[in-house]
Amino acid sequence: MRTVDGHCAASAQAVRTTHSPIGPIRRDFEPQSERFTLTISATGMPSVMQTISGISASIASRIESAAKGGGTYTTEASAPVFAFAYRHRLFTLNLDSVANVALLFIGLEFFYYWFHRSSHTIRWFWNSHSVHHSPNQLNLAAAYRLGWMGRITGATIFFTPLSLLGFQPRMVLAALTLNLLYQFWIHAEWIPKLGWLEYVLNTPSAHRVHHARNVEYLDANYGGVLIVFDRLFGTYVEEREDL
């Protein structure tokens, strides 16, 4: 039985500790794991309250963003680092060629992998990202269940090397927005495995593993659009029928 953001009942007493640069992080935040057991209604539809909760968190996040300047990159805690990186850029890169578009896409995926992985292993970033992992149902509304403090944590600093390379900060963060928009549809229980696409893309199946808290699934599948960096760095875990 798979659980979402909670251990399965058989592993309720298991403890997973991840060591980060600022100390160990216990990954069994709620020992009463039965509270987090995946629940789907008889029709296969997520509960109304889970959906309302996810949408409410999204609205609150957008209000917080607007209060800090409408979502411009200058309101990010990492904005000074972005500006410094771009002032000292190695090249000036525009999206006027297929090669540059591909470079931005692959580069963003690489740094997104490390941003997302760090968001699970470093307390400072997990403090905000944990909101996204708080529901006990995986549904489309969960995709936009985001923390209010994302801009304050400065997590976008992971993407500043792209501005040092030569991409404008606004261009980098616009590409990041598109990356996150892609991830909306993968927050679903009802979409099956997608054949050979599982080897390349972050799919609903791969992302279900990421959100599950069975011990066998912990710390896995951090990719954004692609799953190739998980395969490369050893954090890919395939969804199993027996869990």
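Scoring rules and cut-offs
Residues numbered from 1 in each chain as written. Predicted model: local features only at pLDDT ≥ 70, side-chain atom pairs only at ≥ 80, totals over all residues. Heavy atoms only, no water. Helix = DSSP H or I, 4+ residues; strand = E, 2+ residues; numbered from the N terminus. Buried < 20%, exposed > 50% of the residue type's maximum accessible area, 1.4 Å probe, protein only. Contact = heavy atoms within 4.5 Å. Areas by Shrake-Rupley, 256 points an atom, 1.4 Å probe, with all protein chains shown as cover. Salt bridge = Lys/Arg side-chain N within 4 Å of Asp/Glu carboxyl O. Core = buried A, V, L, I, M, F, W, Y, C linked by side-chain atoms within 4.5 Å. Polar contact = N/O pair within 3.5 Å; in protein donor to acceptor, adjacent residues only side chain to side chain. Phe/Tyr/Trp six-rings, centres within 6.5 Å; stacked < 30°, edge-to-face > 60°. Lys NZ or Arg CZ within 6 Å of the ring centre and 35° of its normal.

**Observations regarding the overall build of the chain**
So, point 1. A count of helical and extended segments in the chain gives nine helices and two strands.
So, point 2. Reading the secondary structure of the chain in the N-to-C direction produces β-β-α-α-α-α-α-α-α-α-α.
So, point 3. Going through the 243 residues of the chain one by one, you find that 50% of them count as buried.
So, point 4. Of the contacts formed within the chain by residues at least 6 apart in sequence, a portion of 71% connects residues at least 24 apart.
So, point 5. Per element, the accessible surface of the chain, about 12,000 Å² overall, is 67% carbon and sulfur.

**What to know about the environment of Leu103**
So, point 1. Along the polypeptide, Leu103 turns up in helix α3 (residues 98-121).
So, point 2. According to the relative accessible area criterion, Leu103 is partly exposed, its value standing at 37%.
So, point 3. Excluding residues that lie within four positions of it along the chain, Leu103 makes contacts with Leu93, Leu165 and Phe167.

**Describing the pattern of salt bridges**
So, point 1. Applying the stated criterion to the full structure yields three salt bridges.
So, point 2. The closest approach of N and O atoms between Glu238 and Lys193, which form a salt bridge, is 2.9 Å. In this pair, Glu238 sits in the segment after α9 (228-233) while Lys193 sits in the loop between α7 (169-182) and α8 (204-211), placing the two residues 45 residues apart along the sequence.
So, point 3. On the accessibility criterion, Glu238 (45% relative accessible area) is partly exposed.
So, point 4. Using a relative accessible area of 34% as the deciding quantity, one classes Lys193 as partly exposed.
So, point 5. Ionic pairing is found between Arg208 and Glu239, a salt bridge with its closest N-O pair at 2.9 Å. Of this pair, Arg208 sits in helix α8 while Glu239 sits in the segment after α9, and the two are 31 residues apart along the sequence. The exposure classification of Arg208 matches that of Glu239, with both residues buried.

**Observations concerning the nonpolar core**
So, point 1. Counting 19 residues, the largest nonpolar core has Leu104, Leu108, Phe159, Leu162, Phe167 and Val172 as its most contacted members.
So, point 2. Mapped onto this core, the elements with two or more residues apiece are α3 and α7.
So, point 3. Residue contacts for Leu162: discarding those within four places in its chain leaves Leu104, Gly107, Leu108, Phe111, Phe167 and Val172.
So, point 4. The next biggest cluster of nonpolar side chains, apart from the first, holds five residues, and it includes Val209, Ala212, Tyr217 and Leu243.

**Regarding the side chain of Ser119**
So, point 1. Within the secondary structure, Ser119 is located in helix α3.
So, point 2. A relative accessible area of 2% places Ser119 in the buried class.
So, point 3. Separated by 2.9 Å, the side chain of Ser119 and the backbone oxygen of Phe115 make a polar contact.
So, point 4. Among all residues touching Ser119, those that are not within four sequence positions of it are Phe125, Trp126 and His129.

**Quick look at the environment of Trp190**
So, point 1. Counting through the fold element by element, Trp190 comes out in the loop between α7 and α8.
So, point 2. With 52 residues separating them along the chain, Trp190 and Leu138 place their C-alpha atoms 9.9 Å apart.

**Remarks on unusual backbone geometry**
So, point 1. For Asp219, which is not glycine, the phi torsion reads 60° and is therefore positive.
So, point 2. Assignment of secondary structure puts Asp219 in the loop between α8 and α9.
So, point 3. Within the chain, Asn221 stands out as a residue other than glycine whose phi angle is a positive 60°.
So, point 4. Within the fold, Asn221 resides in the loop between α8 and α9.
So, point 5. By relative accessible area, Asn221 is classed as buried at 0%.

**Points about the packing of aromatic side chains**
So, point 1. Under the defined criterion, the tally for this structure stands at 14 aromatic pairs.
So, point 2. Considering the side-chain rings of Phe110 and Phe229, the 5.5 Å spacing of their centres and the 70° angle between planes classify their relative orientation as edge-to-face. Here Phe110 is found in helix α3, whereas its partner Phe229 is found in helix α9, with 119 residues between them in sequence.
So, point 3. Here Phe110 falls in the partly exposed class, since its relative accessible area comes to 29%.
So, point 4. Here Phe229 falls in the buried class, since its relative accessible area comes to 13%.
So, point 5. The ring of Tyr86 is capped by Arg89, whose NZ or CZ atom sits 4.1 Å from the centre of that ring.
So, point 6. Over the ring of Tyr236 we find Arg231, and its NZ or CZ is 3.9 Å from the ring centre.

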